[in-house]
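Results of the structural survey
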Amino acid sequence: MMNTVETRVPVTVLTGFLGAGKTTLLNRVLTENHGKRIAVIENEFGEIGIDNDLVIGAEEEIFEMNNGCICCTVRGDLIRILSHLMKRRDKFDYIMVETTGMADPGPVAQTFYVDDDMQDKLLLDAIVTVVDAKHIWEHIDDSDEAKEQVAFADVILLNKIDLVAPEDLDRLEARIKSMNSMAKICRTRDAVVEMDNILNVGGFNLDRALEIDPKFMEPEYPFEWSGIYELSAGSYEWVMGEGPDPVMGAALLPLSNNGLVAKEATLMDAVLTFSEDEQAVQAGETLRLGNGQHNQLVLNGKGETVFNFVIQQPGCYMLFTEHHPDEFDAHLCGTDAVLVPLETREYKPDHEHDEEVTSVGIALPGDFHLERLNGWLSQLLRVHGQDIFRMKGVLSVRGWDKRFVFQGVHMLFDGRPDRPWANEPRHNKMVFIGRNLDRAALEEGFRACLVS
Amino acid sequence: MMRRIGRRKSPQPSLKAIWRAHIDDHPIGLAWSPDGKLLAAAGVSGPITLFYGADGVVHRKLPGHPLGTMAISWHKDSRLLASVGQDGKVRLWDTKIGTQTAEMAGGASWVERVAFSPAGDLLVSAAGRKLRMWNANGELNCEFPDANSTITDIKWRNNGKQFAISAYNGVVLYAPSEAEPLNRFEWQGSTLTLEWSPDGRHIATGDQDSTVHFWHVESGQDLQMWGYETKVLELAWSFNSRYLATGGGTQAVIWDCSGKGPENTRPIMLEGHQRLIKHLKFQRQGMLLASGGNDGLLAIWEIEKKKPVLLADAVFKTPIAGLAWSPDDRRIAVSDENGILSIAAAQ
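Please read all numbers here as calculations on a predicted model, not as lab measurements. (Residues numbered from 1 in each chain as written. Chains lettered and ligands numbered in written order. Predicted model: local features only at pLDDT ≥ 70, side-chain atom pairs only at ≥ 80, totals over all residues.)

**Overview of the sheet that holds strand β20 (residues 235-237) of chain B**
Residue and element names in this part refer to chain B. The sheet built from 4 strands is open, its strands ordered β20-β21-β22-β23 with antiparallel pairing. Sheet topology places β20 and β23 (268-270) at the edges, where each strand pairs with a single neighbour. Adjacent strand axes in the sheet meet at a mean angle of 20°, parallel and antiparallel pairs treated alike. Relative to strand β22 (residues 252-256), strand β21 (residues 243-246) runs antiparallel, the two sharing 4 bridges. Paired with Tyr243 across the two strands is Asp256, which belongs to β22. (Pairing = 2+ DSSP bridges. Helix = DSSP H or I, 4+ residues; strand = E, 2+ residues; numbered from the N terminus. Axes fitted to C-alpha atoms, helices over the stretch in contact; angles between N-to-C directions.)

Pasting the structure below:
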């Protein structure tokens, strides 16, 4: 049965390391005049009523649903407490579940998918992670829990911003976005945040993720810029000033014509070229031309650095650079003038720090074959479920006039039709957040499920 | 409100309500006093109402537990009633005069289970991992070592010589005279409920991982039943220990344990519920089985020669919240989530 009227009670799961500010946030939620009746399940024992609200203590009890399958671990205590809570006449508008600082959010989130009573009556609205902006650096590199808490989040509160310099905060936000591009990030002090940012956010809002970063759905490239030049035979100089890095990768590839197909082919060649070992090119040396020639331009410590190359075959060429040339005030010179590219393109860079935990967003036109999609997703999650933390998507399914929306946690996913497409153009968007994700394989698998 | 639904085979005795009442709460426990004179109905918010079984007149209303009552159990004298709840307490009530006779600490904030021994001399309570045994005056008789995880059920063997608890990791068997367990029936999964076969030879469990287990008590052998739609919380043995009715889906599955047992046999399926079955109860001395589901359907079945026959039914507006056969098997008490309580004659 397709029930489009949502009667389930929304649940927010609150994660974050000890001292990040979860309790401060909870106290705000309980004292704020938001007009909602909230039940909070936290790690303390006991049960207390605060005005209209209720705080219930839980002893975290994690168990595996199926023998040995980590992806199917759930919180047994939550199943019991929430089943009981849902029987009460004094219905709650909202439920918040606080996890312990070191908790993996997986089992909590999974609890709302694997138990029928839970799925019937409750809706996981969002996972909110509170991050201590000052101390997170101590954990983010080597703590799996910290990475998972960031990766699982729909909303991330960067808390204690008053203790951190603005540039460090920008650096932290960039780092967090590289791990989880889907989460909404709020900067807070003393966990002061608009309730709308954490309650009823509908974690599912993929459109929101796109608003935040329009490049999010695009593939990532190992270079940030390309320019197409029409070059006649002769000598050229690539001149660079000082920049943010002492070296920069570059590739110069021939382009057979100015058509889209040719450009895409050259783009792929550039990706392959950038995957080759780079070869250092010192000042005054020759920038190597052609496929497989991954130049690493080594800049002088001070002032301009000049690299040379010679074109024998006149025609169009595409120059790919690891960073935007403007950052180095770089330009291409012919015999007597600076050359302006026919066209340029900027690319979303991949993240050099080689993040274990990343997001992959895929957007494709077309309609899906539902059975094929189900088959592929089941197979994918069976094999890679442990590494895929979250998954969300809005899809166009052949023969359906409603959007098919789904979200998942590890191996579990919940898909349902929501509102009609109406005048909105039909499209498909899917996001994966996880460890060691293979973008190409995901995109290929996803594409194979389209109705051909 | 009860109404009959059409489409069934005649002749069938109709399910007529003898009396009805409303407790204005979600009932979590329905229990007849052993003499059949009183019916106790606990509401999730706390109060326990005692109705006269004959006509539904309220005899007493006990306050129960602040924050909510979790379970109740009658003493065999039909006068003492034990209750446990979310205030962390075990309470004993004199139902004749309507007063509390004892209040004990269960050991954790939620006391979820309580069971009087068949003889009525002992009471076992479970709160989280804490397992405590009391006498009928509320004095602590024994504190058992903590269970490995939260205790989900307690059931006495009919002869009163043993009781079993379920928790994550299966079943643990105790004798009331010893603090250390007699035996452990281990399963790597969360066991949610257990039922002794009336002859005491088997313990059936329902599990979170959608399995049912038959433990042979003497040998500790486990027979597993897979393929349920969802977790199994509903188990009922027929009085002769022949049939075990199990829920865990929209169809009840009935295993015939006679002969060589249910292994490799095709179970009897009860078809008729549109949504998950939440309650299954066999008569105490007869072969009628009552089923209640989230679809609000109460159905009475007769299990004869491997075939279920639907004898009577009624539909409630909200999911069935409790079922209890009267001690003489002639009436059945049923409640729905709205707090409607209805007593019907079985035949």
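**Some words on the interface of chain A and chain B**
Of the residues lining the interface, 17 residues belong to chain A; the matching set on chain B comes to 19 residues. The residue makeup of the side of chain A that touches chain B, split by class, is 3 nonpolar, 5 polar and 9 charged. (Contact = placed C-beta atoms within 7 Å. Nonpolar A, V, L, I, M, F, W, Y, C, P; charged D, E, K, R; others polar.)

**Some remarks on helix α6 (residues 144-152) of chain A**
Most of α6(A) is tucked away: 7 of the 9 residues are buried. Taken residue by residue, α6(A) has Ala146(A), Lys147(A), Glu148(A), Gln149(A), Val150(A), Ala151(A) and Phe152(A) as its buried positions. (Buried ≥ 20, exposed ≤ 12 C-beta atoms within 10 Å, placed from the backbone.)

**Topic: the nonpolar core**
If you look at the biggest cluster of nonpolar residues, it comprises 104 residues, and the most contacted ones within it are Ala40(B), Ile165(B), Ile203(B), Ala245(B) and Ala333(B). For this core, the element with the highest residue contribution is strand β15 (residues 163-174) of chain B, accounting for 8 residues. When sequence neighbours within four positions are dropped, the list of residues in contact with Ala333(B) reads Leu30(B), Trp32(B), Leu39(B), Ala324(B), Leu341(B) and Ile343(B). Of all hydrophobic cores here, the second largest spans 80 residues; its members include Val40(A), Val97(A), Ala191(A) and Ile388(A). (Core = buried A, V, L, I, M, F, W, Y, C linked by C-beta atoms within 7 Å.)

**Considerations on the environment of Gln110(A)**
With respect to the helices and strands, the residue Gln110(A) is situated in helix α3 (residues 105-114). Distance in space between the C-alpha atoms of Gln110(A) and Thr99(A) is 13 Å, their sequence separation being 11 residues.

**A closer look at the sheet that holds strand β16 (residues 305-311) of chain A**
Residue and element names in this part refer to chain A. Strand order in the open sheet formed by 4 strands is β16-β12-β18-β19, and the pairing between neighbours is antiparallel. Whereas interior strands pair on both sides, the edge strands pair on one side only; in this sheet they are β16 and β19 (338-339). As paired strands, strand β18 (residues 331-333) and β19 are joined by 2 bridges and run antiparallel to one another. Its bridge partner being in β19, Cys333 is matched across the sheet by Val338.

**Description of the domain arrangement of chain A**
Buried accessible area, meaning the area lost when the parts come together, often serves as the stated size of an interface. For chain A, the assigned domains are domain 1 (9-203), domain 2 (225-346) and domain 3 (357-447). Using only C-alpha atoms to locate each centre, domain 1 of chain A and domain 2 of chain A end up separated by 48 Å. (Domains from an automatic or database assignment.)

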